[in-house]
Amino acid sequence: MKKTVQKLFLGKSSNGVQAEYNPIQKRIQNIKSIWDNDHEDDNGIEKIFRLLLSSSQLLFPGIYIKYFSRKKGIEYQDLAIDIYILIKVAFPITILIYQWYTIDWVVIVMTYLFLETIFYIPTLIFASDLFSRPRSYRRSMILLFFNYTEIFLSYAVFYSLGDFFKPKIYTLV
């Protein structure tokens, strides 16, 4: 039974094979690459935007989950990220079901996780100078789908907060 579960969630074992650089080192190298114009000849607002996106990932837990889980092997790193993303999707659903949107700290935590996703997606597009190709294109698309699901569920929570996000319509009558 253990082998079946392990094969289902981890696939083929890489026997603890790790990438040359850990995720934090790779992120810092990417920031340096953008700063030094190693891959793009950008400047001004474009460079500032790319630096902001790339460095923003150091403010959120996703990169640290990758860092700590990679010590066991690549497949454990992938599994940890999968679980993290599923938790991020489940969190707004839980808030809506139990009506926790009235609890300030819960909404603040959800907003923090929401901002990670909001910054992560454009980082993949605009600031991925040194990112290696994904091991599985389908997995990347599935995770992107879950990221977008998290975004629209978070917006549902924001909408549930009340009149703050609803525009007031004034009439002359």
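What this report covers is the structure whose coordinates are included nearby. Model, not experiment: these values are computed from the prediction.

### Quick look at the packing of aromatic side chains
Here's step 1: Inspection of every chain in the model, using the stated rule, returns 9 aromatic pairs.
Here's step 2: Seen in terms of ring centroids, Y98 and W100 are 5.4 Å apart; in terms of plane orientation they differ by 25°. Their pairing is stacked.
Here's step 3: By relative accessible area, which is 55% here, Y98 ends up exposed.
Here's step 4: For the ring pair F114 and F158, a centre distance of 5.2 Å and an interplane angle of 85° mean the geometry is edge-to-face. Here F114, found in helix α6 (residues 104–126), pairs with F158, found in helix α7 (residues 137–160); they are 44 residues apart in sequence, far enough to count as distant.
Here's step 5: These aromatic residues form a ring-pair network of at least three members: F60, Y112 and F119.
Here's step 6: Positioned above the aromatic ring of Y76 is the side chain of K72, whose terminal nitrogen or guanidinium carbon lies 5.3 Å from the ring centre.

### Some points on the side chain of K47
Here's step 1: The residue K47 is located in helix α3 (residues 44–56) in this model.
Here's step 2: Buried and without a salt bridge, K47 has D42 as its closest oppositely charged side chain, separated by 5.1 Å.
Here's step 3: Separated by 2.7 Å, the side chain of K47 and the backbone oxygen of W35 make a polar contact.
Here's step 4: For K47, the residues in contact, after removing those within four places along its chain, are I34, W35, N37 and D42.

Definitions and cut-offs
Residues take numbers from 1 onward in each chain, read along the sequence in its written order. A pLDDT threshold of at least 70 governs which residues receive local features in this predicted model, and a stricter bar of 80 or more applies before side-chain atom pairs are shown or counted, although totals over entire chains, interfaces and linings include all residues. Hydrogens and waters are ignored; side-chain quantities use all the structure's heavy atoms. Each aromatic pair joins two rings of Phe, Tyr and Trp (for Trp, the six-membered one) with centres within 6.5 Å, and gets the label stacked for planes under 30 degrees apart, edge-to-face for over 60, and tilted for any other angle. Burial classes: relative accessible area under 20% of the type maximum marks a residue as buried, over 50% as exposed, and values in between as partly exposed (1.4 Å probe, protein chains only). Only runs of H or I of at least four residues qualify as helices and only runs of E of at least two qualify as strands under DSSP, and these elements are numbered from the N terminus. A ring has a charge above it when a Lys NZ or an Arg CZ is no more than 6 Å from the ring centre and no more than 35 degrees off the ring normal. Neither His nor the chain ends is counted toward charge; the positive residues are Lys and Arg and the negative residues Asp and Glu. By convention in these notes, a salt bridge is any Lys or Arg side-chain nitrogen within 4 Å of a carboxyl oxygen on Asp or Glu. Polar contacts, as used here, are pairs of N or O atoms within 3.5 Å; protein pairs need one atom able to donate a hydrogen and one able to accept it. Residues neighboring in sequence count only if both atoms are side-chain atoms. Residue contacts are counted whenever heavy atoms from the two residues lie within 4.5 Å of one another.

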